[in-house]
Amino acid sequence: MGIQSLGRISIIITLNVLEAKDFPIGCVFVAFCRISDRVVALDAVLMLFFLVESAVPACRSIGYSIVMKSILVTGGAGFIGSHLVDRLIAEGDWRVTVIDDLNDFYSPGIKRANIAGHLGSKNYRFLEADIRDVSALAHLFAATKFDCIVHLAARAGVRPSLAEPRLYFETNVTGTLNLLELARERGVKQFVSASSSSVYGINGKLPFSEDDRIHQPISPYAATKAAGELLCHTYSHLHDIRTVCLRFFTVYGARQRPDLAIHKFTKMISEGRPIPVFGDGSTRRDYTYIDDIIEGVRASIDYDGSIHEVFNLGESQTVELRELIELIERSLDMHAVIDRQPMQPGDVPITFADISKARELLNYNPTTKIADGIPKFVQWFRTTGI
Ligand SMILES: NC(=O)c1ccc[n+]([C@@H]2O[C@H](COP(=O)([O-])OP(=O)(O)OC[C@H]3O[C@@H](n4cnc5c(N)ncnc54)[C@H](O)[C@@H]3O)[C@@H](O)[C@H]2O)c1
């Protein structure tokens, strides 16, 4: 075989290997086939091209993982958390870790269904663990450096907190403290924490504004959420961690917790069962559609203003309970049978958010009115049958 044909073979092999993007094998072949000056010159050009070809994707992937931010979402298998994770995965530049203990406050099967669509994402990791378990948390934080924590895990719900105040305290207060401590130790700079409209308690002033006093909670749940806010303030002040506390006002939409009125009533009415209505139906709530809440949470992750801030995230509209039931009836095209019950201890007569601060500092602008949101929820309920 002459030098010319060896040269041609060299080029063909090099081009084939180049195609396969196998850099080490390509180098061996190129070195092996240096036969004539002409081929060496050609090989040099190909080698250079090959190097650039191999280096670009490597650099891209290194650069990509440097640019990608790491976020911990506690309670990410729950209603609000799973929607937030949908959003973060869709954005594509987050490495998302979720910690959730999948407890049976409501069916763990629902929570597993909430995360089913996330598990296939390469930038998603799920850890089934309890935020009260300090050693599980320490393990997690030792392995991963988080840029931000969105803390949504909690025992939620006002009425059950009266029966199990200790459990609510340990989860919502001690659990929050555990996370703040690890944020301090590991230098996490942004901590977004779920609070609740219930912290306003029997506040007589309407609408509720972030400057109102929150010293009159009327349920253990509300007290734990207020305590969580105070801990956040303390850690911001002492340790330079930016904490953003979000007071959610009754959130609804697809995957809403089954214990909450909209979900519970929709299910019971659709099954022809009487719905328990506490009081005369005149209580009022500020209902917030999940997409609007997620906009607010997302903006809080980027919030870079003051070191500690509290925001109301509501719709700033109040709806009477009897009006809500009518909306559900119309959407289902069914009639509700009312089982009237006395007002429940712990329930507040009204929630009503002043959202001017969130509008100004988070660019928060809720757009889904209850008259549009309820039919959307009912549509989701019908398709999933949960
Ligand atoms: N949904 C609302 O209307 C509303 C209103 C005000 C405040 N909030 C707050 O928003 C947050 C999210 O609420 P949600 O409605 O999505 O509730 P959710 O119950 O659907 O989600 C909370 C998740 O936290 C998990 N969790 C609970 N205890 C845990 C523990 N010890 N360790 C690990 N994981 C644990 C649960 O398994 C659940 O998946 C909560 O902090 C809640 O108090 C919700």
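Position labels on residues start from 1 in each chain and follow its written sequence. Local features in a predicted model are, by the rule used here, given only for residues with pLDDT of at least 70; side-chain atom pairs are given and counted only at 80 or more, and totals for whole chains, interfaces and linings are based on all residues.

### Examining the overall build of the protein chain
Thought 1: Here a strand is any run of E in DSSP of at least two residues, a helix any run of H or I of at least four, and the numbering for each starts at the N terminus. For the protein chain, the count of helices and strands is 14 helices and 13 strands.
Thought 2: Put simply, the protein chain has 386 residues, and 40% of those count as buried.
Thought 3: Two residues form a contact once the distance between their C-beta atoms, set from the backbone, is within 7 Å. Taking the intrachain contacts of the protein chain between residues at least 6 apart in sequence as the baseline, contacts between residues at least 24 apart amount to 79%. Residues with at least 20 neighbouring C-beta atoms inside 10 Å of their own are called buried, those with 12 or fewer are called exposed, and the rest are partly exposed, where every C-beta is derived from the backbone.

### So, the site of the ligand
Thought 1: Contacts to the ligand come from 29 residues, most closely from Gly-75, Gly-78, Phe-79, Ala-154 and Ala-194.
Thought 2: Contributing elements (two or more residues each) for the shell around the ligand: α4 (79–91), β2 (94–100), α8 (165–186) and β5 (190–196).
Thought 3: When residues in the shell around the ligand are grouped by element, the largest group, three residues, is from α4.
Thought 4: Three classes are used, and their members are as follows: Ala, Val, Leu, Ile, Met, Phe, Trp, Tyr, Cys and Pro are nonpolar, Asp, Glu, Lys and Arg are charged, and the others, Gly among them, are polar. Class assignment for the residues of the shell around the ligand results in 14 nonpolar, eight polar and seven charged. In this text, near has one meaning. A residue is near a molecule or strand if its C-beta atom, placed using the backbone, is within 6 Å of it.

### A word on the nonpolar core
Thought 1: Among the nonpolar cores identified, the biggest contains 79 residues, and Ile-71, Val-73, Ile-149, Val-150 and Leu-246 are the most heavily contacted of them.
Thought 2: For this core, the element with the highest residue contribution is helix α9 (residues 220–239), accounting for six residues.
Thought 3: Sequence-distant contacts of Val-150, defined by excluding residues within four places in its chain, comprise Ile-71, Val-73, Leu-84, Val-192, Val-297 and Ile-301. Buried Ala, Val, Leu, Ile, Met, Phe, Trp, Tyr and Cys residues whose C-beta atoms connect them within 7 Å together make up a nonpolar core.

### Things to note about the packing of helix α12 (residues 321–332) against helix α14 (residues 370–384)
Thought 1: All axes are obtained by fitting lines to C-alpha atoms, using only the stretch in contact for helices, and the reported angles, taken between N-to-C directions, cover 0 to 180 degrees. It is at 9 Å that the axes of α12 and α14 come closest, and there the two elements cross at 50°. Here α12 is positioned oblique relative to α14, judged by the angle of their axes. Judged by the twist between their axes, the crossing of α12 over α14 is right-handed. Between α12 and α14, the residues in contact are Leu-327, Ile-328, Ser-331 and Leu-332 and Ile-370, Ala-371, Ile-374, Pro-375 and Val-378, respectively.
Thought 2: For the contact of α12 with α14, the residue count by class is eight nonpolar, one polar and no charged. Relative orientations are named as follows: roughly parallel for angles under 35 degrees, roughly antiparallel for angles over 145 degrees, roughly perpendicular for angles from 65 to 115 degrees, and oblique for any other angle. For any pair of crossing helices, the crossing counts as left-handed if the nearer helix is rotated counterclockwise from the farther one by less than a right angle, and right-handed if it is rotated clockwise.

### Comments concerning the sheet that holds strand β6 (residues 242–248)
Thought 1: Strands sit in the order β3-β2-β1-β4-β5-β6-β11 across an open sheet of seven strands; the sheet is parallel. Whereas interior strands pair on both sides, the edge strands pair on one side only; in this sheet they are β3 (124–128) and β11 (308–313). Strand-to-strand twist across the sheet, computed as the mean angle between neighbouring axes with direction ignored, equals 15°.
Thought 2: Here strand β4 (residues 148–151) pairs with β5 via four bridges, running parallel. Its bridge partner being in β5, Cys-148 is matched across the sheet by Gln-190.
Thought 3: Contacting β4, β5, β6 and β11, helix α11 (residues 290–302) runs over the sheet at an angle of about 170° to β6. For two strands to be treated as a pair, DSSP must find no fewer than two bridges joining them.

### Things to note about α4
Thought 1: Multiplying one less than the number of residues by 1.5 Å gives the expected span of a helix. The end-to-end C-alpha distance of α4, which contains 13 residues, comes to 19 Å, matching closely the 18 Å that a straight helix rising 1.5 Å per residue would cover.
Thought 2: The complete set of buried residues in α4 reads Phe-79, Ile-80, Gly-81, Ser-82, His-83, Leu-84, Val-85 and Leu-88.
Thought 3: Packing partners of the buried residues in α4 comprise β1 (69–74), β2, α5 (108–116), β4, β7 (251–252) and α11.
Thought 4: Downstream of α4 by one or two residues, Gly-92 has phi in the positive range, about 85°.

### Comments concerning the packing of α8 against α9
Thought 1: Between α8 and α9, the shortest axis-to-axis distance is 9 Å and the interhelical angle comes to 15°. Classified by the angle between their axes, α8 and α9 sit roughly parallel to one another. Two packed elements cross with a definite hand, and for α8 against α9 that hand is right-handed. On α9, the residues touching Pro-165, Tyr-168, Phe-169, Asn-172, Val-173, Thr-176, Leu-177, Leu-180 and Arg-184 of α8 are Pro-220, Tyr-221, Thr-224, Lys-225, Ala-227, Gly-228, Leu-231, Tyr-235 and His-239.

### Let's talk about the confidence of the model for the protein chain
Thought 1: Mean pLDDT over the protein chain works out to 88, with 83% of the residues at or above the 70 mark.
Thought 2: On a scale of 0 to 100, pLDDT captures the predictor's confidence in every residue. A low-confidence stretch, residues 1–36 (pLDDT under 50), is modelled with 42 contacts involving residues beyond four sequence positions or located in other chains.

### A few points about unusual backbone geometry
Thought 1: Residue Pro-207 is bonded to the preceding Leu-206 through a cis peptide linkage, with omega at -15°.
Thought 2: With respect to the secondary-structure elements, Pro-207 resides in the loop between β5 and α9.
Thought 3: Positive phi outside glycine occurs at Arg-255, with the angle close to 70°.
Thought 4: For Arg-255, a count of 23 C-beta atoms within 10 Å corresponds to the buried category.

### What about the pairing of β6?
Thought 1: By the criterion of burial, β6 is predominantly enclosed, with seven of the seven residues buried.
Thought 2: Here β6 shows a buried face lined by Arg-242, Val-244, Leu-246 and Phe-248 and a second buried face lined by Thr-243, Cys-245 and Arg-247.
Thought 3: As defined by bridge partners, β5 adjoins β6 across seven bridges and the pair is classed as parallel. From the neighbouring strand, Phe-191 faces β6, where its bridge partner is Thr-243.
Thought 4: Pairing between β6 and β11: six bridges, direction parallel. If you follow Cys-245 over to β11, its bridge partner there is Val-310.

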